[in-house]
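This is what each chain is made of:
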Amino acid sequence: MAGARAAAATASAGSSASSGNPPPQEPGLGELLEEFSRTQYRAKDGSGTGGSKVERIEKRCLELFGRDYCFSVIPNTNGDICGHYPRHIVFLEYESSEKEKDTFESTVQVSKLQDLIHRSKMARCRGRFVCPVILFKGKHICRSATLAGWGELYGRSGYNYFFSGGADDAWADVEDVTEEDCALRSGDTHLFDKVRGYDIKLLRYLSVKYICDLMVENKKVKFGMNVTSSEKVDKAQRYADFTLLSIPYPGCEFFKEYKDRDYMAEGLIFNWKQDYVDAPLSIPDFLTHSLNIDWSQYQCWDLVQQTQNYLKLLLSLVNSDDDSGLLVHCISGWDRTPLFISLLRLSLWADGLIHTSLKPAEILYLTVAYDWFLFGHMLVDRLSKGEEIFFFCFNFLKHIISEEFSALKTQRRKSLPARDGGFTLEDICMLRRKDRGSTTSLGSDFSLVMENSPGATGSFTYEAVELVPAGAPTQAAWRKSHSSSPQSVLWNRPQPSEDRLPSHQGLVEARSSSSSSSNHSDNFFRMGSSPLEVPKPRLAALSDRETRLQEVRSAFLAAYSSTVGLRAVAPSPSGAIGGLLEQFARGVGLRGISSNAL
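Just so it is clear, the structure is predicted and the values come from calculations on it, not from any experiment. (Residues numbered from 1 in each chain as written. Predicted model: local features only at pLDDT ≥ 70, side-chain atom pairs only at ≥ 80, totals over all residues. Heavy atoms only, no water.)

Peer 1: In this structure, what is going on with the packing of helix α2 (residues 51-66) against helix α11 (residues 360-373)? I would like to understand it.
Peer 2: Any two packed helices are characterised by how steeply their axes cross, that is the angle between the axes, and by the distance between the axes. Closest axis-to-axis distance for the α2/α11 pair is 10 Å, and the angle between their directions is 120 degrees. Comparing their axes, α11 and α2 come out oblique. Handedness of the crossing formed by α2 with α11: left-handed. In this structure, α2 contributes V54, R56, I57, R60, C61, L64 and F65 to the contact, and α11 contributes E362, Y365, L366, A369, Y370 and F373. Residue composition of the contact of α2 with α11, grouped by class: ten nonpolar, no polar and three charged. (Axes fitted to C-alpha atoms, helices over the stretch in contact; angles between N-to-C directions. Helix = DSSP H or I, 4+ residues; strand = E, 2+ residues; numbered from the N terminus. Parallel < 35°, antiparallel > 145°, perpendicular 65-115°, else oblique. Left-handed = near helix turned anticlockwise from the far one by under 90°. Contact = heavy atoms within 4.5 Å. Nonpolar A, V, L, I, M, F, W, Y, C, P; charged D, E, K, R; others polar.)

Written out as structure tokens, the structure is:
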């Protein structure tokens, strides 16, 4: 029900990893991975075969969100808004305390917001509209697909066939086309002004300022036809008032090479000279000064460095002083987009800044279920092709344990000078509790439009939908609860410097002058040459961030090894990953499973 408040049970935050014991498992994580590896989620199938499992997954997500937030629910029953979005779309409004759990008052006009979403969805590929998924410092971090092009607007069924390469779900969205959609498409003259106008209105309602485009193309092309577009090549410069960042990142096909290299991302460099790659990296200078990264070398980075540097950029955007939200998208928004949304959620959680009451196994369940499964990632298809971007996401956590990825670093630097008297006993007590706690343009030259560039917003019209921007009350609530609290002063234990083990033989040396944290990224000493060997904990003390991310990764590997992993690798000639996953399962105390028995 719209405006419903999920029940929230109290839970202690965080737990330290203990050597020799299996990582704590979230009840239902195995069932979630089993269902995820069996079929792609479709909102309209929620009550059909496997419906009870899906309902349990949806209910668990609402419960986990409710531990720390007051939220409203945007109903998407039977996929009425989007066929591959959750049936219960969570709109986080503000962080909740124990007192607020029973006195929740929504600041969102759900019916009007739903109407705006219905109007704006045609602007985005597959109807995957701009959707807020993370709330941090009162700002919305959103996800979506890229902008729809003529190919989709004038024939979604044909578009789906070409875009999916003839996959079984090619016709899945035909029934989603309404009479209003058809009438809208018939008006060629103002078609883009109208649908993109609603998209812009939704972005403004969510106070989004930064738009990060992960596409390596300006426009997606199939069989010589432009099937999608993007904000960066919008001819009418409708998105001129937003800060656009073109940060091209390899698509899911590239992760077949990751699997073929025995899941080694170090030294794996994308081929930027392919014909379809025509989107250059473009970031406004004022956003890069504090990162100490040589962005001109991005085509020389391996997959580890590229992912690290892009994550640093996204974290710097959401951790800035302004009240602006962030949109991250690729093409369809269900491969690269959940990768970075999931990494953002886990990184901010590891710092104790969001989902503060969730344990490692619980945040793992939430991000797998909500960010990946319920937003339509096609794990079955990706596994069949060896495109294991989903596995890469959670195995990659070992590369972001360093404090240089911590959002606390910036906040501590801002907060400490104002504290003349140092830490009080109350400060320390509060902190300790918290610590527990695919490519041609339509004729538009690529140009990056700065924040203050003149836009064309006055040159197109769309029917007004009266809504008070969601950002203002959300950010005001956040500032009220954090401005004078001792918790705004954050303590961070110093991290001992470490040297990485020697590189594996035969790997390509990464050629980057950036401050990549590869030198600090290994959590474990390794027994062999593979990144999936049984991890051996270090003797040195770990930071809270490192401990938390280590626990999430260990819990994922344990669950993955007993469900998806051992069955998914049967076609592999080497069978290395299956053996290593089983070795990990035995190493953490799980019962070994023979791949022949599956």
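Peer 1: Can you help me understand helix α7 (residues 191-205) in this one?
Peer 2: For α7, built from 15 residues, the straight-helix expectation of 21 Å at 1.5 Å per residue is met to within 8% by its first-to-last C-alpha distance of 21 Å. Counting buried positions along α7 gives twelve out of 15 residues, so the element sits mostly inside the fold. Listed in full, the buried residues belonging to α7 are L191, F192, D193, V195, R196, G197, Y198, D199, I200, L202, L203 and Y205. One or two positions beyond α7, positive phi appears at S207, with a value near 60 degrees. (Expected span 1.5 Å × (residues − 1). Buried < 20%, exposed > 50% of the residue type's maximum accessible area, 1.4 Å probe, protein only.)

Peer 1: What is the right way to read the pattern of salt bridges from this model?
Peer 2: It is possible for side chains bearing opposite charge to pair when their charged atoms get close. A full pass over the atoms with the stated rule returns 24 salt bridges. The salt bridge partner of R38 is E35, with a shortest N-O separation of 2.7 Å. Of this pair, R38 and E35 are both found in helix α1 (residues 29-38), three residues apart, which corresponds to roughly one turn of the helix. Relative accessible area serves as the criterion here: at 44%, R38 is assigned to the partly exposed category. For E362, the salt bridge identified is with R60, shortest N-O distance 3.7 Å. In this pair, E362 sits in helix α11 while R60 sits in helix α2, placing the two residues 302 residues apart along the sequence. Given the relative accessible area of 7%, E362 is considered buried. Assessed through its relative accessible area of 15%, R60 is described here as buried. Connected via shared salt-bridge partners are R60, E63, R67 and E362. (Salt bridge = Lys/Arg side-chain N within 4 Å of Asp/Glu carboxyl O.)

Peer 1: Please clarify how the packing of helix α9 (residues 303-318) against helix α10 (residues 336-350) should be interpreted in this entry.
Peer 2: Viewed as axis vectors pointing N to C, α9 and α10 meet at an angle of 65 degrees, and their least axial separation amounts to 11 Å. Between α9 and α10, the crossing angle belongs to the class labelled roughly perpendicular. α10 is crossed by α9, and the crossing has right-handed handedness. On the side of α9, the interface is formed by T307, Y310, L311, L314 and L315, while α10 contributes F340, L343, L344, S347 and L348. A class-by-class count of the residues in the contact of α9 with α10 yields eight nonpolar, two polar and no charged.

Peer 1: Before we go on, may I ask you to explain the pairing of strand β9 (residues 325-329) in this structure?
Peer 2: On a regular strand, each side chain points to the face opposite its neighbour's, so the side chains alternate between the two faces of the sheet. Across the five residues of β9, five count as buried, placing the element largely inside the fold. Going residue by residue along β9, you find G325, L327 and H329 tucked away on one face and L326 and V328 tucked away on the opposite face as well.

Peer 1: Looking at this structure, how should I read the side chain of T337?
Peer 2: The topology assignment puts T337 in helix α10. Note on T337: relative accessible area 0%, which makes it buried. Ignoring sequence-local partners within four residues, the contact set of T337 consists of R143, S144, L214, V328, H329 and C330.

Peer 1: Help me out: how do you make sense of the sheet that holds strand β8 (residues 243-246) in this one?
Peer 2: Adjacent strands of a sheet form backbone hydrogen bonds with each other and so pair up, either parallel or antiparallel. Ordered in space as β3-β4-β9-β5-β8, the five strands form an open sheet in which the pairing is mixed. Looking along the sheet, the strands with just one partner apiece sit at the ends: β3 (131-136) and β8. Adjacent strand axes in the sheet meet at a mean angle of 20 degrees, parallel and antiparallel pairs treated alike. With four bridges joining them, strand β4 (residues 139-144) and β9 adopt parallel strand pairing. In the sheet register, R143 faces β9, and the bridge partner there is V328. Packing of α10 onto the sheet brings it into contact with β3, β4 and β9, and relative to β4 it is tilted by some 155 degrees. (Pairing = 2+ DSSP bridges.)

Peer 1: Mind showing me how you'd approach the nonpolar core here?
Peer 2: Across soluble globular proteins, nonpolar side chains show a tendency to be buried alongside one another. Membership of the largest hydrophobic core comes to 132 residues, with the highest contact counts inside it found for Y310, L326, Y370 and F390. Sequence-distant contacts of F390, defined by excluding residues within four places in its chain, comprise L33, F36, V368, W372, H377, L379, F556 and Y560. (Core = buried A, V, L, I, M, F, W, Y, C linked by side-chain atoms within 4.5 Å.)

Peer 1: Explain α2 here, please?
Peer 2: It helps to recall that an α-helix has 3.6 residues per turn; residues three or four apart then point in one direction. When the terminal C-alpha atoms of α2 are compared, their 22 Å separation across 16 residues agrees well with the 22 Å that a helix rising 1.5 Å per residue should span. All of the buried residues in α2 are G51, V54, I57, E58, R60, C61, L62, L64, F65 and G66. The inward-facing, buried residues of α2 abut α1, β1 (69-75), β2 (88-95), β3, α10 and α11.

Peer 1: Sorry, what's going on with the state of the cysteines here?
Peer 2: One covalent bond between the sulfur atoms of two cysteine residues makes up a disulfide. Taken as a whole, this structure holds zero disulfides when the rule is applied. Not engaged in a disulfide, the cysteine C82 finds its nearest cysteine sulfur in C131; these two sulfurs lie 9.0 Å apart. The exposure class of C82 is buried, given its relative accessible area of 3%. (Disulfide = S-S within 2.5 Å.)

Peer 1: Please explain the environment of A236 as it appears in this structure.
Peer 2: As for its position among the elements, A236 is in the loop between β7 (225-226) and β8. Here A236 falls in the partly exposed class, since its relative accessible area comes to 30%.

Peer 1: Mind showing me how you'd approach the confidence of the model for the protein chain here?
Peer 2: Here the protein chain shows a mean pLDDT of 73. Residues at 70 or above account for 59%. Residue range residues 157-189 is modelled with pLDDT below 50. Its contacts to residues more than four positions away, or to other chains, number 57 contacts. (pLDDT = per-residue confidence, 0-100.)

Peer 1: How do you make sense of the packing of aromatic side chains when you look at a structure like this?
Peer 2: Any aromatic ring pair is given by two values, namely how distant the centres are and how the planes are angled relative to each other. This structure, assessed with the given rule, holds 32 aromatic pairs. With 6.3 Å between their ring centres and 80 degrees between their planes, F254 and F255 make a pair best called edge-to-face. The two residues F254 and F255 agree in class, both being buried. Sitting over the ring of W349, R548 keeps its end group 4.6 Å from the ring centre. (Phe/Tyr/Trp six-rings, centres within 6.5 Å; stacked < 30°, edge-to-face > 60°. Lys NZ or Arg CZ within 6 Å of the ring centre and 35° of its normal.)

Peer 1: Where do I start with the pairing of β3 in this structure?
Peer 2: When you tally the buried positions in β3, you get six out of six residues, the bulk of the element. Pairing analysis gives five bridges linking β3 to β4, with the strands arranged antiparallel. Within the sheet, the bridge partner assigned to I134 lies in β4 and is I141. In this structure, the hairpin formed by β3 and β4 is closed by a connection of two residues, where K137 is found at a positive phi of approximately 55 degrees.

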